[in-house]
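Observations on chain architecture
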Amino acid sequence: MARLPILHYPDSRLCKVATPVETVDNDIRTLVNNMLETMYAAPGIGLAATQVNVQKRIIVMDVSEQKNQPLVFINPTLIECEGSIESEEGCLSVPGICETVRRFNRVRVTALDVNSKSVEIDASGLLAVCIQHEMDHLDGKLFVDYLSALKRDHIRKKLEKQTRSVSRIKLSS
């Protein structure tokens with residue numbers, strides 16, 4: 001397995017819409033394993049393929065306390081949504097930033113698993129939020145897109161400044 005580089009906002013590649021996976025083959029399974037390793041190492045609770053610059057409709061997550069219950073959704077589709085919840089969200093592609101976002105409290109999602117079998121799950125609370133957050137990535141949307149233009153601009157400038165600082169440090173080393 002290999003850790004993959006995670007794209008950071010405002011990288012325009014994060015705005016691309018992912019394409020459906022045609023066949024769940026060994027390349028897709030290897031990608032899923034690498035995404036899980038990357039997510040756990042980051043550390044995070046979810047990761048979309050678009051965040052590692054692979055424009056495929058694949059998300060992985062693990063919201064368990066012990067980080068031993070990985071979930072994989074290939075070509076996920078929300079088929080039912082209800083209720084509302086506001087919660088603090090962060091993102092591996094928007095490091096160090098957390099903001100309150102409103103999401104559905106309960107969702108039903110269908111997808112393929114790594115064996116190409118159809119799965120359907122009902123999720124609520126944190127898992128429902130995580131599913132929606134990661135599925136947004138597949139549509140080229142980040143949680144900061146739910147914020148005001150002023151907040152989004154402030155976050156973009158802050159992250160660009162951090163990137164410049166890191167680049168200067170690397171150049172002077």
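This structure is a prediction, so every number in the text was calculated from the model and none was measured.

**Regarding the side chain of R106**
Note that R106 resides in strand 6 (residues 106-112). Ignoring any residue separated from it by four or fewer positions in sequence, one finds R106 in contact with E80, C81, E82, D122, A123, S124 and A128.

**A few points about the pairing of strand 2 (residues 58-61)**
With burial as the criterion, each face of strand 2 is covered, one bearing I58 and V60 and the other bearing I59 and M61. Two elements, strand 1 (residues 46-48) and strand 2, share three bridges in a ladder whose sense is antiparallel. Residue pairing for strand 2: L47 is matched across the bridge by V60. Relative to strand 3 (residues 71-82), strand 2 runs antiparallel, the two being bridged by four bridges. Note that in strand 3 the partner of I58 across the bridge is I74.

**Thoughts on helix 1 (residues 26-41)**
Over its 16 residues, helix 1 runs 22 Å from end to end, which matches the ideal 22 Å to within 8%, given 1.5 Å per residue. Taken together, the buried residues of helix 1 touch strand 1, strand 2 and strand 3.

**Some thoughts on the state of the cysteines**
Applying the stated criterion across every chain, the model contains zero disulfides. Left unpaired, C81 is separated from the closest cysteine sulfur, that of C130, by 15 Å. Owing to a relative accessible area of 32%, C81 belongs among the partly exposed residues under this scheme. Note on C91: no disulfide assigned, nearest cysteine sulfur contributed by C98 at a separation of 10.0 Å. Given the relative accessible area of 10%, C91 is considered buried.

**Considerations on the sheet that holds strand 1**
Within the open sheet, the five strands sit side by side as 1-2-3-6-7. Their pairing is antiparallel. If you trace the sheet from one side to the other, it starts and ends with strand 1 and strand 7 (118-124), each paired once. For this sheet, the mean inter-axis angle between neighbouring strands, taken without regard to orientation, is 40 degrees. The sheet contact formed by strand 3 and strand 6 spans six bridges and is antiparallel. Counted as the bridge partner of T77 is T110 from strand 6. Along the sheet, helix 1 contacts strand 1, strand 2 and strand 3; its crossing angle with strand 2, the most-contacted strand, is approximately 40 degrees.

**Observations concerning the nonpolar core**
One recurring pattern in soluble globular proteins is that nonpolar side chains are buried together. Counting residues in each nonpolar core, the largest one holds 16 residues, and the members touching the most others are I28, V32, M35, L47, I58, V60 and I74. Looking at this core element by element, the count peaks at six residues for helix 1. L47 has contacts with I6, M35, T38, M39, V52, I58, I59, V60, L92 and E134, leaving out every residue within four places of it along the chain. Grouped together as the second largest cluster of nonpolar side chains are 15 residues, F73, L127, M135 and L138 included.

**Section: the packing of aromatic side chains**
Any aromatic ring pair is given by two values, namely how distant the centres are and how the planes are angled relative to each other. If you walk through the whole model with that rule in mind, you get zero aromatic pairs. Here the guanidinium or amino end of K141 rests over the ring plane of Y146, the centre of that ring lying 4.2 Å away.

**Considering unusual backbone geometry**
Following Y9, the chain continues to P10 via a peptide bond in cis, the omega torsion being 15 degrees. With respect to the secondary-structure elements, P10 resides in the segment before helix 1. Of the consecutive residues A42 and P43, the connecting peptide bond is found in the cis state with omega at -15 degrees. Assignment of secondary structure puts P43 in the loop between helix 1 and strand 1. One non-glycine residue, N75, adopts positive backbone phi at about 55 degrees. Turning to its location among the elements, N75 is positioned in strand 3. With a phi angle near 70 degrees, S116 is a residue other than glycine that sits in the positive phi range. As for its position among the elements, S116 is in the loop between strand 6 and strand 7. Since its relative accessible area comes to 39%, S116 is described here as partly exposed.

Basis of the calculations
Residues numbered from 1 in each chain as written. Predicted model: local features only at pLDDT ≥ 70, side-chain atom pairs only at ≥ 80, totals over all residues. Heavy atoms only, no water. Helix = DSSP H or I, 4+ residues; strand = E, 2+ residues; numbered from the N terminus. Contact = heavy atoms within 4.5 Å. Buried < 20%, exposed > 50% of the residue type's maximum accessible area, 1.4 Å probe, protein only. Pairing = 2+ DSSP bridges. Expected span 1.5 Å × (residues − 1). Disulfide = S-S within 2.5 Å. Axes fitted to C-alpha atoms, helices over the stretch in contact; angles between N-to-C directions. Core = buried A, V, L, I, M, F, W, Y, C linked by side-chain atoms within 4.5 Å. Phe/Tyr/Trp six-rings, centres within 6.5 Å; stacked < 30°, edge-to-face > 60°. Lys NZ or Arg CZ within 6 Å of the ring centre and 35° of its normal.

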